[in-house]
Amino acid sequence: MTNDFVFETYEYKGTLYEGKLVAPMGKAIIDKIAGLIRKVVRGGTVSVIRLPKDHLNAFMNPELELKAAELGIDEVFMTGLVEEVCIYINSLGFLERGFRTNTVKGCTAPFDEEKGREAFRELTKCGAKMVDDVPEKDIKVILLLEDEHDENSEEIKSGDWPPHNMKGTPGALTVKPIQDALEGRYK
């Protein structure tokens, strides 16, 4: 849930920026995801681990699998963008590695609604579940998988996607309401 995927335009430190790869319905899920985070944080001690990804498949960063094993994570609840791309590919990655994989209804958005529905039909056939909520007390870790590209990123080099979420730019920052919810665990 980064600025480049959510907002057509956004302001950061007094400068106006344009989103590079906006999911049309991305804004609609921000408050729902922030609410889930606040609920989980109220349920007890929660660690947040931020793992950058510069590929559609977050498992291209070997740290994801290592951290999940180290922390004993065996079940994931997927939220965010984009249903038919990152949610789909990464849900398959978790399923292939034996994780119980859930997608939280109303907390994901597609680029294209029909392709998003098709992605979920396929994920359900592969064993993923669509759930209405997350357990309040059982979640101990939030894995924040954030797009963060540089000029060597596969997607950027391919020319198929515009430069987006470039490392060190405001486009790669998590949207403010979700940042605020994550930081709420310190209050």
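This is a predicted model, so every value here is computed, not measured. (Residues numbered from 1 in each chain as written. Predicted model: local features only at pLDDT ≥ 70, side-chain atom pairs only at ≥ 80, totals over all residues. Heavy atoms only, no water.)

Participant: Describe the overall build of the protein, naming the residues involved and giving the relevant values.
Facilitator: Within the protein, the regular secondary structure consists of seven helices and seven strands. Each principal axis of the C-alpha atoms in the protein carries an extent, and together these give about 40 × 40 × 30 Å. A fraction of 74% describes how many contacts in the protein between residues 6 or more apart in sequence connect residues 24 or more apart. Element-wise, carbon and sulfur atoms account for 51% of the exposed surface of the protein, whose accessible area totals about 9900 Å². On the protein, the mean spot of the 25 positive side-chain charges and the mean spot of the 33 negative ones are 6 Å from each other. (Helix = DSSP H or I, 4+ residues; strand = E, 2+ residues; numbered from the N terminus. Contact = heavy atoms within 4.5 Å. Areas by Shrake-Rupley, 256 points an atom, 1.4 Å probe, with all protein chains shown as cover. Lys, Arg positive; Asp, Glu negative; His and termini not counted. Charge placed at Lys NZ, Arg CZ, Asp CG, Glu CD.)

Participant: Tell me what's going on with the packing of helix α4 (residues 83-96) against helix α5 (residues 113-126), and back it up with residues and numbers.
Facilitator: Two elements in contact, α4 and α5, have axes separated by 9 Å at closest approach and are oriented at 10 degrees. When the interaxial angle is binned, α4 and α5 end up roughly parallel. Residue-level contacts link Glu 83, Glu 84, Ile 87, Tyr 88, Ser 91, Leu 92 and Leu 95 of α4 to Lys 115, Gly 116, Ala 119, Phe 120, Glu 122, Leu 123 and Cys 126 of α5. (Axes fitted to C-alpha atoms, helices over the stretch in contact; angles between N-to-C directions. Parallel < 35°, antiparallel > 145°, perpendicular 65-115°, else oblique.)

Participant: For the pairing of strand β1 (residues 9-12), give the residues involved together with the corresponding values.
Facilitator: As paired strands, β1 and strand β2 (residues 15-18) are joined by four bridges and run antiparallel to one another. What sits directly across from Tyr 10, in β2, is Tyr 17. If you look at the hairpin formed by β1 and β2, you'll find two residues sitting between the two strands, and Lys 13 has a positive phi there, around 50 degrees. (Pairing = 2+ DSSP bridges.)

Participant: Describe unusual backbone geometry, naming the residues involved and giving the relevant values.
Facilitator: With an omega dihedral of -10 degrees, the bond running from Leu 81 to Val 82 counts as a cis peptide bond. Following the sequence through the fold, Val 82 ends up in the loop between β4 (75-81) and α4. Of note, the phi angle at Lys 13 is positive, near 50 degrees, even though the residue is not glycine. Tracing the backbone through its elements, the reader meets Lys 13 in the loop between β1 and β2. Looking at Lys 13, the relative accessible area reads 71%, which means it is exposed. (Buried < 20%, exposed > 50% of the residue type's maximum accessible area, 1.4 Å probe, protein only.)

Participant: Summarise the nonpolar core; cite the residues concerned and give the values.
Facilitator: Judged by nonpolar contacts, the single largest core of 32 residues is most densely connected at Met 1, Ile 37, Leu 81 and Ile 178. Elements supplying a minimum of two residues to this core: α1 (3-6), α2 (30-42), α4, β5 (100-109), β7 (141-147) and α7 (176-183). With seven residues, α2 is the largest single contributor of residues to this core. The residues contacting Ile 37, other than those within four sequence positions of it, are Ile 142, Ile 178, Ala 181 and Leu 182. By size, the runner-up hydrophobic cluster in this structure holds 19 residues, among which are Val 76, Leu 92, Phe 94 and Leu 123. (Core = buried A, V, L, I, M, F, W, Y, C linked by side-chain atoms within 4.5 Å.)

Participant: Please provide a residue-by-residue account of the side chain of Asp 147, values included.
Facilitator: Within the secondary structure layout, Asp 147 lies in strand β7. Aside from chain neighbours lying at most four places away, what touches Asp 147 is Phe 5, Lys 53, His 55, Asn 165 and Ala 172.

Participant: Residues and numbers for helix α3 (residues 62-71), please.
Facilitator: One side-chain oxygen of the residue at the start of α3 lies 2.9 Å from the amide nitrogen of Glu 63, identifying that residue as Asn 61. Phi turns positive one or two residues past the end of α3, at Gly 72, with a value near 70 degrees. (Polar contact = N/O pair within 3.5 Å; in protein donor to acceptor, adjacent residues only side chain to side chain.)

Participant: With reference to specific residues and values, describe the confidence of the model for the protein.
Facilitator: Atomic detail in the predicted coordinates should be set aside for any region of low pLDDT. Put simply, the protein has an average pLDDT of 91, and 99% of its residues get 70 or more. Averaged pLDDT values over the elements of the protein bottom out at 80 in helix α6 (residues 154-158) and peak at 98 in α5. (pLDDT = per-residue confidence, 0-100.)

Participant: So what's going on with the sheet that holds β5? Residues and values would help.
Facilitator: Strands sit in the order β4-β5-β6 across an open sheet of three strands; the sheet is parallel. Of all strands in the sheet, those bounded by a partner on one side alone are β4 and β6 (129-131). For this sheet the average axis-to-axis angle between neighbouring strands, irrespective of direction, equals 35 degrees. Summarising the sheet, β4 and β5 pair through six bridges and their orientation is parallel. Within the sheet, the bridge partner assigned to Leu 81 lies in β5 and is Ala 109. Against the sheet, α2 touches β4 and β5, its axis set at about 135 degrees to β5.

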